[in-house]
Amino acid sequence: MERNERFEGEYRDALDSLGFSEDRKERMMNKLMEQARQPVKGKRLRPLRAALIAAALVVALLGTAGAAQFFGVQVNFQPEEPSDVPGLGKYTVTGGVAYFPADIFSQEVWELGEQENNAKSFSTWEELEQFVGRKLMDNPVLEGAPRGVSVSSDKMQGSPTNIMLDAMNSEKGLFRIMTMDNYQLDDVLLRRHAVLYTDIAQESFVDNFGEDHEPEIAWFYEQGTQLSTEEYTTANGLAVTIVREEGRFTEYTAHFSINGVRSTIMASYQGKDWQQDNSEHVLAVLKQALDGFVV
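Bear in mind the structure is a predicted one, so any value in this text is a computation, not a measurement. (Residues numbered from 1 in each chain as written. Predicted model: local features only at pLDDT ≥ 70, side-chain atom pairs only at ≥ 80, totals over all residues. Heavy atoms only, no water.)

## Digging into the overall build of the protein chain
Then, number 1: What the protein chain contains, in helices and strands, is seven helices and 14 strands.
Then, number 2: Sequence separation of at least 24 residues holds for 66% of the intrachain contacts in the protein chain that already meet a minimum separation of 6.
Then, number 3: When the accessible surface of the protein chain is totalled, it reaches about 13600 Å², and 45% of it is carbon and sulfur. (Helix = DSSP H or I, 4+ residues; strand = E, 2+ residues; numbered from the N terminus. Contact = heavy atoms within 4.5 Å. Areas by Shrake-Rupley, 256 points an atom, 1.4 Å probe, with all protein chains shown as cover.)

Set out below in C-alpha cells:
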C-alpha cells in the first residue's frame, strides 16, 4: 500500500471519531489530503501535515535530526484561521521527541507494522508493553482505573477494547509506534495518546526535510473556542502544559513527554450533571492522573 494511502486511512479514522457532519468531515478530509499530495520539487519534500481534531490525533512527518529537549514540549498558538481547514482554529505542539533504536523492539511489532491491518487491541497496558518488547511508561492511577470507551479502527486486529497500538513501517523497517488508551475516573473520560519514533524515522526526516525541522502535531478546534494554558509540574517532576478549551463544554488537553515519548491526555466530563460547570472537577481528576506517572 502506498504511504499516502496509509495516512489517508489514519485521517479517516480520526475524522470518524468526531461529532462533525458527514459533509464537514468529507470537506476536511479532502483539504487535508489535497495538501498532502502536493507535487514536490527537488529533494525537499512538502511535509505531510496531520491533524488532531477534537479527540483525534495523527502524527505529521515534519522531521528532526536530534533528540534535544525531549523532557518537555512546546505549545504554539496560531490564532489565525488555517486555510487548509476553514472554520477551525489551530495550535501546534513541538519538542519532546527522542529517537529509539528500531532493533530494540519486538519482532511482533515489526511484523504488525508491515501489515495492512497494522493496529492491534489489548486487554491491559502491561499486555501491550509485552507485545512491544519494552516498558513505555508507568502510571498506576490510569492502569488501575476502570476502562473507558473502546478504541476502534478498520485496520485493527482483535475485538475493540480501551487499548490499541498502531505500528507503521517504512521501506527500511519500523518507523513509529502509536498507542491510544481510554479510562474513566470519577465521571471523567481520560484519553491517552502516545507516539514513539525510531532511528529509522530520524534518518527519513533528515533525508527528506533536512536537519532544521522537528515532528509537529497540529490540534484543530472549532472557531469561537476560548483557549488558555497552565504550566503544571507533577508530584514526580513531570513538566506538563495543560490547554483549556472552553466552548459549548470545557475540556482539557495535557501535553507532555516521558523519556522522548511524546504524549497527550484529553479529559472531559461524562457524568449525569453535564449541564453544570464541571471544569474544576475535570481539571482536578486530570492532575490526579498526571501525578500518577512514574518518572
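## As for the nonpolar core
Then, number 1: In terms of nonpolar packing, the biggest core is built from 46 residues, with Leu165, Leu190, Ile242, Phe256, Leu286, Leu290 and Phe293 touching the most fellow members.
Then, number 2: Element by element, the count of residues in this core is highest for helix 7 (residues 279-291), at six residues.
Then, number 3: Within the second largest apolar cluster, ten residues are counted, among which are Val97, Tyr99, Met178 and Tyr197. (Core = buried A, V, L, I, M, F, W, Y, C linked by side-chain atoms within 4.5 Å. Buried < 20%, exposed > 50% of the residue type's maximum accessible area, 1.4 Å probe, protein only.)

## Re helix 7
Then, number 1: With 13 residues, helix 7 extends 18 Å between its outermost C-alpha atoms, agreeing within 8% with the 18 Å of an ideal straight helix rising 1.5 Å per residue.
Then, number 2: For helix 7, the complete set of buried residues consists of Ser279, Val282, Leu283, Val285, Leu286, Lys287, Ala289 and Leu290. (Expected span 1.5 Å × (residues − 1).)

## Section: the packing of aromatic side chains
Then, number 1: Evaluation of the coordinates by the stated rule reveals eleven aromatic pairs.
Then, number 2: Ring centres of Tyr91 and Trp219 lie 6.1 Å apart, and the angle between their planes is 5°; on these two criteria the pair is classed as stacked. With Tyr91 in strand 3 (residues 88-95) and Trp219 in strand 10 (residues 217-222), the pair connects residues that are 128 residues apart, well separated along the chain.
Then, number 3: Given a relative accessible area of 0%, Tyr91 falls into the buried group.
Then, number 4: Pairing Tyr91 with Tyr221 gives two aromatic rings, centres 6.4 Å apart and planes at 35°, and the pair type is tilted. Taken as a pair, Tyr91 in strand 3 and Tyr221 in strand 10 lie far apart in primary sequence, 130 residues in all. (Phe/Tyr/Trp six-rings, centres within 6.5 Å; stacked < 30°, edge-to-face > 60°.)

## Regarding the pattern of salt bridges
Then, number 1: The tally for this structure, following the rule as stated, stands at seven salt bridges.
Then, number 2: Between Glu129 and Lys135 there is a salt bridge whose closest N-O contact spans 3.4 Å.
Then, number 3: Judged by relative accessible area, which is 7%, Glu129 ranks as buried.
Then, number 4: The exposure class assigned to Lys135 is exposed, which follows from its relative accessible area of 52%.
Then, number 5: Note that Lys287 is salt-bridged to Glu230, the shortest N-O span being 2.7 Å. Here the residue Lys287 occupies a position in helix 7, and Glu230 occupies one in strand 11 (residues 226-233), the gap between them amounting to 57 residues.
Then, number 6: Under the relative-accessibility criterion, Glu230 is labelled partly exposed at 28%. (Salt bridge = Lys/Arg side-chain N within 4 Å of Asp/Glu carboxyl O.)

## Description of the confidence of the model for the protein chain
Then, number 1: Across the protein chain, pLDDT averages 78, with 74% of residues at or above 70.
Then, number 2: Between residues 13-21, whose pLDDT stays under 50, and residues either more than four places distant or in other chains, the model counts 19 contacts.
Then, number 3: Low pLDDT (under 50) marks residues 31-70, which in the prediction has 130 contacts with non-local residues, meaning those over four places away or in another chain. (pLDDT = per-residue confidence, 0-100.)

## Description of helix 6 (residues 199-209)
Then, number 1: Within the span of helix 6, buried status applies to Ile200, Ala201, Ser204, Phe205 and Phe209. Looking straight down helix 6, one finds that the buried residues subtend no more than 135° of arc, so they occupy a single side.
Then, number 2: Between a side-chain oxygen at the N-terminus of helix 6 and the backbone nitrogen of Ile200 the separation is 3.2 Å; the capping residue is Thr198.
Then, number 3: Downstream of helix 6 by a residue or two, Gly210 has a phi angle that is positive, lying close to 85°. (Arc of directions from axis to C-beta. Polar contact = N/O pair within 3.5 Å; in protein donor to acceptor, adjacent residues only side chain to side chain.)

## A word on the side chain of Arg192
Then, number 1: Checked against the element boundaries, Arg192 lands in strand 9 (residues 188-198).
Then, number 2: Side-chain polar atoms of Arg192 contact the side chain of Asp181, separated by 2.6 Å.
Then, number 3: Contact partners of Arg192, with chain neighbours within four places excluded, come to Trp125, Met137, Asn139, Leu142, Thr179, Met180, Asp181, Asn182, Tyr183, Thr264, Ile265 and Phe293.

## Thoughts on the pairing of strand 9
Then, number 1: The buried fraction of strand 9 amounts to eleven of the eleven residues, a majority that puts the element mostly inside the structure.
Then, number 2: Side-chain alternation along strand 9 places Val188, Leu190, Arg192, Ala194, Leu196 and Thr198 on one buried face and Leu189, Arg191, His193, Val195 and Tyr197 on a second face that is also buried.
Then, number 3: Sheet topology places strand 4 (residues 99-100) next to strand 9; two bridges connect them, and they run parallel. Residue pairing for strand 9: Phe100 is matched across the bridge by Thr198.
Then, number 4: Two elements, strand 8 (residues 173-185) and strand 9, share ten bridges in a ladder whose sense is antiparallel. Note that in strand 9 the partner of Arg176 across the bridge is Tyr197.
Then, number 5: Counting the residues that bridge the hairpin from strand 8 to strand 9 gives two residues, and of these Asp186 lies at a positive phi of roughly 50°.
Then, number 6: Direction of pairing for strand 9 relative to strand 14 (residues 261-269): antiparallel, over a ladder of eight bridges. Counted as the bridge partner of Ala194 is Ser263 from strand 14. (Pairing = 2+ DSSP bridges.)

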